[in-house]
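The chain contents come next:
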Amino acid sequence: MIRITDILDNTQSYLSADELEMIQKAYIYSATVHQGQVRLSGEPYLTHPMEVAGILVDLKLDAATIISGLLHDTVEDTLATLEQIEKEFGKDVAFLVDGLTKISKISFASQEERQAENFRKMILAMSADIRILLVRLADRMHNMRTLRFQTPEKSVYIAKETMDIYAPLANRLGINWMKMELEDLSFQYIAPDDYNELSKRVAKTNESRHRYTEEVKSIIRAEMNKFAIKGEVEGRAKHLYGIYNKMREQKIDFDEVYDLIAFRIILDTDKDKSCYEALSMVHALWKPVPGRFKDYIAMPKANNYQSLHTAVIGPYGERVEIQIRTKPMHEWAEKGIAAHWRYKEGRAYKGTEENQIKKLREALETQYEIKDPKEFMSNLKLALFPEDVYVFTPNGDVKSFPKGATPLDFAYSIHTDVGNKCIGAKVNRNIVPLKYELKNGDRVEIITQAGHHPSKDWLKYVVTTRAISKIRNWINVEEKKSSLALGRELLDKEFKRNNLKLGNLIKSGEIKKALDDLKQASLDDLISQVGFGRLSPRQVVNLFLAVDEEKKEETITEKAKKKTDQTSPMGISLTGIDDVMVKFAKCCNPIPGDQIAGYISRGRGITVHDIHCPHIKKMDGERVVDVQWSVQEKNTYPVHIKVICDDRKGVLTEVSSVISSVDINISHAQVDTKDMIATCHFVIEVRDIKQLNKIISSIKQLKFVKSIERVSKYQASQEI
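Bear in mind the structure is a predicted one, so any value in this text is a computation, not a measurement.

What counts and how
Residues numbered from 1 in each chain as written. Predicted model: local features only at pLDDT ≥ 70, side-chain atom pairs only at ≥ 80, totals over all residues. Heavy atoms only, no water. Pairing = 2+ DSSP bridges. Helix = DSSP H or I, 4+ residues; strand = E, 2+ residues; numbered from the N terminus. Axes fitted to C-alpha atoms, helices over the stretch in contact; angles between N-to-C directions. Contact = heavy atoms within 4.5 Å. Phe/Tyr/Trp six-rings, centres within 6.5 Å; stacked < 30°, edge-to-face > 60°. Buried < 20%, exposed > 50% of the residue type's maximum accessible area, 1.4 Å probe, protein only. Core = buried A, V, L, I, M, F, W, Y, C linked by side-chain atoms within 4.5 Å. Parallel < 35°, antiparallel > 145°, perpendicular 65-115°, else oblique. Left-handed = near helix turned anticlockwise from the far one by under 90°. Nonpolar A, V, L, I, M, F, W, Y, C, P; charged D, E, K, R; others polar. Polar contact = N/O pair within 3.5 Å; in protein donor to acceptor, adjacent residues only side chain to side chain. Patch = residues over 30% accessible without salt bridge, like charges linked within 9 Å, V, L, I, M, F, W, Y side chains within 5 Å. Areas by Shrake-Rupley, 256 points an atom, 1.4 Å probe, with all protein chains shown as cover. Salt bridge = Lys/Arg side-chain N within 4 Å of Asp/Glu carboxyl O. Lys, Arg positive; Asp, Glu negative; His and termini not counted. Charge placed at Lys NZ, Arg CZ, Asp CG, Glu CD.

Turning next to the sheet that holds strand S21 (residues 665–674). Taking strand neighbours across the sheet as the criterion, the four strands line up as S21-S22-S20-S23 in an open arrangement whose pairing is antiparallel. Only two strands of the sheet have a single neighbouring strand rather than two, namely S21 and strand S23 (705–711). Direction aside, the axes of adjacent strands within the sheet are offset by 20° on average. As paired elements, S21 and strand S22 (residues 677–686) share nine bridges and run antiparallel to each other. Paired with Val-671 across the bridge in S22 is Cys-680. Here helix H28 (residues 651–661) sits on the sheet and contacts strand S20 (637–646), S21 and S22; the angle it forms with S22, its principal contact strand, is near 25°.

Written as structure tokens, this is what we have:
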């Protein structure tokens, strides 16, 4: 375990005596409030904040950040408050600790929603201070190092989150060693068999690789001495996940991975031209491999990484990968934003770090307003991957994009209107399709047309979060317009049917209670939800009807009061059965016209099933009785239908419109899409089998509908 003396010894070279005293004070405070708490490993809880602070010290961060590392769990896990933190350690530390405190006391519908809200809070706080990300990364690093003490299920969940979010975050901040360690630790839990197999295979070749590494290093050093090039040469094995990823992406075996060792020439200079001189030396020494040279000095990576990469045919005909960089470049490559930390009072950042922080903020802040947790997490992951395709505008300016970017991504990077009106593109003066993947060095021109609009299909051809966000926003606005019109029409019809006027209720202010009950932010939101089919008009109208609870109950289980051949108000003829409650089975939801049978339940009357229902076939045959339909009143019955159709804009709205046009209420609607196929599930309220067949026939006439079928609840629960 790291000790406070280690932290103080390692910080005294760059922090003042007063700052060291505050760190000591934070250590005592953390030890006091965490007293008695233990980790899953059995160690005192204090070991965790101490290790986090130790990682921050290794990154040579400022006193406030190190203190925040010591206190980052105090508000969440102890009785300490932010007010106390601010009083003892100042506003700066209190702000950082607040940004690091997870949303743990709020109830969420799912783990994914909680995860999204935690990251949303982190992004918001990071907009004001990037140090919050650095402490969060150090926190995750130590948690990953001790992950073996978690349950297997939780270990895999945390490892996947680390691989998806935290390792890319470390990469975007340029902290290479942290990115590699997080990836290797995650790999160990996500794919343990692959990890163990690869570890063994790498270990077997350690001795021969070490000899080869030393031989190559000595050759390079001798050549550098000949040309009076000052610097050092490093050679080390690539990290396990990097090797595994290469094998998987290139579909090759371990024995085919030629560059297990990466060599680096780190020059004792800050002049870029020295790197090119060293490159000439290497290419004169060994034959370069065509197409394997990358110049990240002229065109730095998105995380500001700079270096020359080349591959050559080295000793014994082996391919050798060599990176050439200056000392400042190497410092950034290893420690990123932390290596050039210039935090001053007033929160001023300088040079490369200011530009890097701006890039990261722009990438992440565009996600902040996304409400859907799944979409938020998906876009957040996408935003964190590095941009490594460089293309030119017609004016010669360089723009960078993620791999797989298309002319549409380029268009939206210029302006939203350019993207929305894009009808084509020229790459290197040749017209290309919109799905063309941009390549390094491409010169791109966008062709626009007034009045042109985005298509839902465009989402298949874009990879940048900006383009995805802008296209989805346009589609949502357009769909909301059509859903508003349809929703208002459906509501007006349902309100009139119940002798109510929607306009009068809106003016009276009664609608506010309905909005609260249905958890809608505005009247337009409520109306559009009806138009989308996510709310039924009946649900809305019911909020304005004074329904007697007794009558409501009787519509569910009405008693048959007469002895012989009496008809239940539920529409069932009960021969020879006296004074019994009747209800319909939810597993099969029979409707008038279906063949039915009744099952006598102890104390619960008769449950009516479809005669083909698998449940009634398994029941006690002596309790099954004959029942008949004898509908005298206009009751409605719920039916589940499944519509399979082409995935296209507004498909749910169009099917809902057909259903509503024959005066049928929709109580539930859901659509799932996969491989350009949309599967729509509806629960509708019909009078009988005749009316159901009529609506099925109407839906079948829609050109984009492939099939439609009635589904029992028993089948639906297996499918949805």
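What follows continues from the structure just given.
Turning our eyes to something else, we now look at the packing of aromatic side chains. Enumeration over the complete set of coordinates arrives at eleven aromatic pairs. Taken together, a centroid distance of 5.7 Å and an interplanar angle of 65° make the contact between Phe-187 and Tyr-241 edge-to-face. Highlighted residues: Phe-187 in helix H11 (residues 176–190) and Tyr-241 in helix H14 (residues 240–250), separated in sequence by 54 residues. Looking at Tyr-241, the relative accessible area reads 12%, which means it is buried. Ring centres of Phe-401 and Phe-410 lie 6.0 Å apart, and the angle between their planes is 40°; on these two criteria the pair is classed as tilted.

Take the sheet that holds strand S9 (residues 422–427) next. The antiparallel open sheet is built from three strands, whose spatial order is S10-S9-S11. The strands lining the two open edges of the sheet, one partner per strand, are strand S10 (430–432) and strand S11 (444–448). Each strand axis lies, on average, 35° off the axis of its neighbour in the sheet, ignoring direction. Each of S9, S10 and S11 touches helix H19 (residues 407–414); the most contacted strand, S11, lies at about 80° to it.

Attention now goes to the nonpolar core. Formed by 56 residues in total, the largest nonpolar core has its most connected members in Ile-7, Ile-23, Leu-71, Ile-85, Met-178 and Leu-182. No other element matches helix H9 (residues 131–145), which puts eight residues into this core. Contact partners of Leu-71, with chain neighbours within four places excluded, come to Ala-26, Tyr-29, Ser-30, Ile-85, Phe-89, Val-93 and Val-97. Core analysis: the next-biggest nonpolar cluster, separate from the first, contains 34 residues, Val-658, Leu-692, Ile-696 and Ile-699 among them.

At a minimum axis separation of 11 Å, H9 and helix H10 (residues 152–172) run at an interaxial angle of 140°. It follows from the interaxial angle that H9 and H10 lie oblique. Once H9 is placed against H10, the crossing between them reads as left-handed. Here Leu-133, Arg-136, Leu-137, Arg-140 and Met-144 of H9 come into contact with H10, specifically with Ile-158, Ala-159, Glu-161, Thr-162, Tyr-166, Leu-169 and Ala-170. Residue classes in the contact of H9 with H10 are distributed as eight nonpolar, one polar and three charged.

Looking at where Glu-183 falls in the secondary structure, it is placed in helix H11. According to the relative accessible area criterion, Glu-183 is buried, its value standing at 11%. Sequence-wise, Glu-183 and Met-163 are 20 residues apart; in three dimensions their C-alpha atoms are separated by 5.9 Å.

Attention shifts here to the side chain of Arg-131. Summarising the element assignment, Arg-131 is placed in helix H9. For Arg-131, a relative accessible area of 0% gives the class buried. Separated by 2.9 Å, the side chains of Arg-131 and Asp-92 make a polar contact.

For the rest of this paragraph, the subject is a positive patch on the surface. Together, Lys-634, Arg-687, Lys-690 and Lys-694 give the surface a local cluster of positive charge. Among the structural elements, Lys-634 can be located in the loop between strand S19 (628–629) and S20. Judged by relative accessible area, which is 79%, Lys-634 ranks as exposed.

The phi dihedral of Arg-429 falls on the positive side, at around 75°, and the residue is not glycine. Within the secondary structure, Arg-429 is located in the loop between S9 and S10. By relative accessible area, Arg-429 is classed as exposed at 69%. For Asn-589, which is not glycine, the phi torsion reads 45° and is therefore positive. When you line up the elements, Asn-589 lands in the loop between strand S15 (580–584) and strand S16 (596–601).

Across the ten residues that make up S20, a large majority, seven, are buried. Sheet analysis places S20 next to S22, joined by ten bridges and oriented antiparallel. In the strand pairing of S22, Asp-646 is matched with Ile-677.

The subject of this paragraph is the packing of helix H4 (residues 63–71) against helix H7 (residues 91–100). As a packed pair, H4 and H7 sit with axes 9 Å apart at the nearest point and diverge in direction by 45°. By the angle between their directions, the pair H4 and H7 is classed as oblique. Crossing hand, H4 versus H7: right-handed. Residues Ala-64, Thr-65, Ile-67, Ser-68 and Leu-71 of H4 form the contact with H7, whose own contacting residues are Asp-92, Val-93, Leu-96, Val-97 and Leu-100. Taken together, the residues of the contact of H4 with H7 break down into seven nonpolar, two polar and one charged.

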